[in-house]
Amino acid sequence: MDTTQNEILISQYKRPSWHFVLGGLLYIASIGVASYAFYMLYTAPEDYSYEKDLGGNLTIALLLFVAGLGSSIVRTRYLNLEKEKLHTEFRLWFLKIDTQSSMPELKYVSVFKNEGAEIYEVNLWYEGNHHFNVDYFDKADPAFEYAKEFSEKLNLKVLDATIKGNSKWI
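This one's a predicted model, so the numbers in the text were calculated from it and none came from an experiment.

Analysis parameters
Residues numbered from 1 in each chain as written. Predicted model: local features only at pLDDT ≥ 70, side-chain atom pairs only at ≥ 80, totals over all residues. Heavy atoms only, no water. Helix = DSSP H or I, 4+ residues; strand = E, 2+ residues; numbered from the N terminus. Rg over C-alpha atoms; globule rule 2.2 N^0.38 Å. Contact = heavy atoms within 4.5 Å. Areas by Shrake-Rupley, 256 points an atom, 1.4 Å probe, with all protein chains shown as cover. 1 Å grid on protein atoms, 1.4 Å probe; cavity = no way out; pocket = protein on both sides within 12 Å on 5 of 7 lines; lining within 4 Å. Points joined across faces, edges and corners; volume = space filled by probe spheres on them. Buried < 20%, exposed > 50% of the residue type's maximum accessible area, 1.4 Å probe, protein only. Patch = residues over 30% accessible without salt bridge, like charges linked within 9 Å, V, L, I, M, F, W, Y side chains within 5 Å. Salt bridge = Lys/Arg side-chain N within 4 Å of Asp/Glu carboxyl O. Lys, Arg positive; Asp, Glu negative; His and termini not counted. Charge placed at Lys NZ, Arg CZ, Asp CG, Glu CD. Expected span 1.5 Å × (residues − 1). Arc of directions from axis to C-beta. Pairing = 2+ DSSP bridges.

On a plain count of helices and strands, the protein comes out with three helices and ten strands. Listed N to C, the secondary structure of the protein is β-β-α-α-β-β-β-β-β-β-α-β-β in terms of helices and strands. The C-alpha radius of gyration of the protein comes to 23 Å, more than 25% above the 15 Å expected for a compact globule of 170 residues. On the principal axes, the C-alpha backbone points of the protein span a range of 75 × 40 × 30 Å. Pairs at least 24 residues apart make up 43% of the contacts formed inside the protein by residues separated by at least 6 positions. Surface summary for the protein: the accessible area is close to 11,100 Å², and the carbon and sulfur share equals 55%.

A volume near 300 Å³ is recorded for the largest pocket. Along the wall of the largest pocket there are 14 residues; nearest its centre are Ser11, Gln12, Tyr13, Lys14 and Tyr136. If you list the elements that add at least two residues to the lining of the largest pocket, you get strand S2 (7–12), strand S3 (74–80) and strand S8 (130–137). With five residues, the single largest contributor to the lining of the largest pocket is S8.

Moving on, we come to the environment of Gly23. Residue placement: Gly23 occurs in helix H1 (residues 17–43). Looking at Gly23, the relative accessible area reads 0%, which means it is buried. Spatially, the C-alpha atom of Gly23 lies 5.6 Å from that of Ser72, the residues being 49 residues apart in sequence. Residues in contact with Gly23, not counting those within four places in the same chain, are Gly68, Ser71 and Ser72.

All right, on to a negative patch on the surface then. On the surface, Asp141, Glu145, Glu149 and Glu152 cluster together into a patch of negative charge. With respect to the helices and strands, the residue Asp141 is situated in helix H3 (residues 140–154). Judged by its relative accessible area of 59%, Asp141 is exposed.

As a further point, take H3. Here H3 spans 21 Å end to end across 15 residues, near enough to the 21 Å set by a 1.5 Å rise per residue. The set of residues buried in H3 consists of Ala143, Phe144, Tyr146, Ala147, Phe150, Ser151 and Leu154. For H3, the angular spread of buried residues about the axis comes to 165°, placing them on one side. Along H3, exposed side chains directed more than 90 degrees from the buried face belong to Asp141, Glu145 and Glu152.

Okay, the sheet that holds S8 next. Across the sheet, which stays open at both edges, the five strands sit in the order S8-S7-S6-S9-S10 with mixed pairing between neighbours. Only two strands of the sheet have a single partner each, and these edge strands are S8 and strand S10 (168–169). Pairing between strand S6 (residues 106–114) and strand S7 (residues 119–126): eight bridges, direction antiparallel. When the sheet's bridge partners are listed, Val109 is paired in S7 with Leu124.

Here is the structure:
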């Protein structure tokens, strides 16, 4: 469990490297489409009205760029216990944007077995039926050890939800 100056890492999406490759290809495609649009604007024959096509090509370039962002941005969340704030960090290569909001009312930590992916998820539940996916494990024992350590840090209960319909508090 990563902790830095009273901050507890609660959620970090670990993107596979092919997401970054895909994002780079989408950025290149968006630059190519935008360049083509402006090139055609200045080189089109005088009798051809290219302005209609310019908007469509720039829209495609913008959509490709936004899809590239979706493939490249990494979001990390921390709970700052001292300031009672939820700290969210968005990173895109060397660019970083930080946001802070008030910390939600934390309820409990659960260990859940995801049957489809054959993994154990450790989730932090807050305010009603909302949760953060804290971490994933291949086996139950490390998931429960992590959940217990994590819940002690936050002074919360642990719920064993590995068997569907038979949840129990630990």
